[in-house]
Amino acid sequence: MRKYVPLNIGVAIRASTSDLHSFRWKTGKRVEADFLIDDLQHLLRVSFDGPCIVRLIDGMPLSTEHEHSADEGLVRDHFAYQVEEAAFNKSQSEIWKTAVGIHGPTLHFRFVTGWTCMDVVTPATPEFEIVPKAIAQQT
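Predicted, not measured: the structure shown is a model, and the values here were computed from it.

Chemist: Got a sec to walk through the sheet that holds strand β3 (residues 30-36)? Specific residues and values, please.
Modeler: Sheet strands associate in pairs through backbone hydrogen bonding, adopting either a parallel or an antiparallel arrangement. Strand order in this open sheet of four strands is β2-β3-β4-β9, and the pairing throughout is antiparallel. Strands with a single pairing partner mark the edges of an open sheet, and in this sheet they are β2 (20-25) and β9 (127-132). Averaged over all pairs of adjacent strands, the angle between their axes in this sheet comes to 20°, without regard to strand direction. Relative to strand β4 (residues 42-49), β3 runs antiparallel, the two sharing seven bridges. Paired with L36 across the bridge in β4 is L43.

Okay, here's the thing in structure tokens:
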């Protein structure tokens, strides 16, 4: 059964009013995604330092992703989750999982907004940071 484990990211963010502002692959294996928050001058940066498989989609297709089980653990208007037993993680290549296994087991993280969903399969731990919007637009 797919289970959502809400993440405490240290900042209040309403998923329904947020959206993905920008996404970047950085030098090395770093991934950065900036999300809108209620503060018009700042963004929430979610980053991973390690190998990642990333899926960016409109939230609508998630409702068509049948996994024949209830979505245990979902919290209304919550933004960040670790997802256990989901098809997206299970469907990734065992060869890739073995190759990146030197960094640890792969985990599935999901970030939900009112418009966009970002799924990340990775052995890396997500990092969360509030950044000034003006600086984020320059990177």
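Next comes the rest of the description.
Chemist: Talk me through the sheet that holds strand β8 (residues 116-122); I want residue IDs and the actual numbers.
Modeler: Reading across the sheet, the five strands line up as β1-β6-β7-β8-β5 and stay open at both edges, with antiparallel pairing between neighbours. The two strands at the open ends of the sheet, each matched to only one other strand, are β1 (3-6) and β5 (53-58). On average, adjacent strands in this sheet sit at an angle of 25° to one another, irrespective of strand direction. Examined bridge by bridge, strand β6 (residues 80-84) and strand β7 (residues 107-112) share four bridges and lie antiparallel to one another. From the neighbouring strand, A80 faces β7, where its bridge partner is F111.

Chemist: Give me the lowdown on the side chain of R24, citing residues and values where you can.
Modeler: Tracing the chain through its elements places R24 in strand β2. R24 gets classed as buried once you look at its relative accessible area, which sits at 11%. Within polar-contact distance, the side chain of R24 engages the side chain of D34 at 3.0 Å.

Chemist: So what about unusual backbone geometry? Which residues, and what values?
Modeler: Even without being a glycine, D77 presents a positive backbone phi close to 65°. Here D77 shows up in the loop between β5 and β6. Of note in the backbone geometry, E85 takes a positive phi value of approximately 65° without being a glycine. For E85, the position within the fold is in the loop between β6 and α1 (87-90). The exposure class assigned to E85 is partly exposed, which follows from its relative accessible area of 48%.

Chemist: Could you give an account of the nonpolar core, naming the residues involved and the relevant values?
Modeler: Formed by 19 residues in total, the largest nonpolar core has its most connected members in V46, F48, F79 and F111. Mapped by element, the contributors of at least two residues to this core are β3, β4, β7 and β8. Beyond its immediate stretch of four places on either side in the chain, F79 contacts I9, I13, A15, F35, L44, V46, R110, F111, V112 and T113.

Analysis parameters
Residues numbered from 1 in each chain as written. Predicted model: local features only at pLDDT ≥ 70, side-chain atom pairs only at ≥ 80, totals over all residues. Heavy atoms only, no water. Pairing = 2+ DSSP bridges. Helix = DSSP H or I, 4+ residues; strand = E, 2+ residues; numbered from the N terminus. Axes fitted to C-alpha atoms, helices over the stretch in contact; angles between N-to-C directions. Buried < 20%, exposed > 50% of the residue type's maximum accessible area, 1.4 Å probe, protein only. Polar contact = N/O pair within 3.5 Å; in protein donor to acceptor, adjacent residues only side chain to side chain. Core = buried A, V, L, I, M, F, W, Y, C linked by side-chain atoms within 4.5 Å. Contact = heavy atoms within 4.5 Å.

From the geometry alone we can't say anything about function, so treat these as descriptive.
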